[in-house]
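# Chain and residue survey
Spelled out from the first residue to the last, the chains are:
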Amino acid sequence: MDKGQGGRAAESDGPRMDDTLSNLIGGLSFEERSSNPEWLKEREEAYNSIKAKRQEELEKKVPVAITVKLPDGNELTQNKKGEAYMAWRTSPYDVAAIIAQ
């Protein structure tokens with residue numbers, strides 16, 4: 001049998017993969033479905049903890065008015081509603097929304 005391009009392997013030559021449960025990333029989660037597995041609860045707790053810390057840090061930051069200078073020389077100082085751009089509050093999306101108008 002020719003094993004060149006387009007040929008189909010009849011059987012493998014290499015080592016076999018270990019198919020024990022210890023090697024499965026999600027354990028049995030793909031075979032036994034549950035609406036809220038234990039690992040999901042742990043991740044949600046970690047996420048909420050980090051989110052709370054970040055929110056606390058953000059609340060301590062003092063917002064300062066900023067000016068965004070574009071490569072063409074234009075300067076943007078406020079959003080569509082006429083509110084000033086503020087450090088720690090204005091996102092890149094806010095600026096992009098004005099540029100895209």
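Parameters at a glance
- Residues numbered from 1 in each chain as written.
- Predicted model: local features only at pLDDT ≥ 70, side-chain atom pairs only at ≥ 80, totals over all residues.
- Heavy atoms only, no water.
- Helix = DSSP H or I, 4+ residues; strand = E, 2+ residues; numbered from the N terminus.
- Buried < 20%, exposed > 50% of the residue type's maximum accessible area, 1.4 Å probe, protein only.
- Phe/Tyr/Trp six-rings, centres within 6.5 Å; stacked < 30°, edge-to-face > 60°.
- Lys NZ or Arg CZ within 6 Å of the ring centre and 35° of its normal.
- Core = buried A, V, L, I, M, F, W, Y, C linked by side-chain atoms within 4.5 Å.
- Contact = heavy atoms within 4.5 Å.
- Salt bridge = Lys/Arg side-chain N within 4 Å of Asp/Glu carboxyl O.
- pLDDT = per-residue confidence, 0-100.

### Some words on the overall build of the protein chain
Summing up its helical and strand segments, the protein chain has 2 helices and 2 strands in all. Residues counted as buried form 7% of the 101 residues belonging to the protein chain.

### Digging into the packing of aromatic side chains
Aromatic ring pairs: the centre-centre distance and the angle between the two ring planes describe each pair. Scanning the model with the defined rule gives 0 aromatic pairs in all. Positioned above the aromatic ring of Trp-88, the side-chain terminus of Lys-61 is 4.3 Å from the ring centre.

### Thoughts on the nonpolar core
In terms of nonpolar packing, the biggest core is built from 5 residues, these being Val-68, Leu-76, Tyr-85, Val-95 and Ile-98. Filtering out sequence-adjacent residues up to four positions away, Leu-76 remains in contact with Ile-66, Thr-67, Val-68, Leu-70, Tyr-85, Val-95, Ile-98 and Ile-99.

### Digging into the pattern of salt bridges
Enumeration over the complete set of coordinates arrives at 4 salt bridges. Put simply, Arg-54 and Glu-57 hold a salt bridge, and the shortest N to O gap is 3.3 Å. Taken together, the residues span about one helical turn, with Arg-54 and Glu-57 both in helix H1 (residues 38-60) at a distance of 3 residues. Look at Glu-57 and you get partly exposed, because its relative accessible area is 40%. Residue Lys-69 is joined to Glu-75 by a salt bridge in which the shortest nitrogen-to-oxygen separation is 4.0 Å. You can call Lys-69 exposed: its relative accessible area is 62%.

### A closer look at unusual backbone geometry
Glycine aside, negative phi is the norm for most residues, and most peptide bonds take the trans geometry. Residue Trp-88 is not a glycine yet carries a positive backbone phi of 70°. Locating Trp-88 in the fold gives a position in the loop between strand S2 (75-76) and helix H2 (92-99).

### Description of the confidence of the model for the protein chain
When the pLDDT values of the protein chain are averaged, the result is 82; 70% of them are 70 or greater. Looking over the protein chain, one finds the lowest element-wise mean pLDDT in H2, namely 90, and the highest in strand S1 (residues 68-69), namely 94.

### Remarks on the environment of Gln-101
For Gln-101, the position within the fold is in the segment after H2. Along the chain, Gln-101 and Lys-80 lie 21 residues apart, while their C-alpha atoms are 9.4 Å from each other.

### Regarding the environment of Lys-80
By the element assignment, Lys-80 lies in the loop between S2 and H2. You can call Lys-80 exposed: its relative accessible area is 58%. Beyond its immediate sequence surroundings of up to four residues, Lys-80 is in contact with Ala-97, Ile-98 and Gln-101.

### Thoughts on the environment of Val-68
Looking at the secondary structure, you find Val-68 in strand S1. Placed 10 residues apart in sequence, Val-68 and Gln-78 show a C-alpha to C-alpha distance of 9.2 Å. Residues contacting Val-68, with those up to four places away along its chain left out, are Asn-74, Glu-75, Leu-76, Tyr-85 and Val-95.

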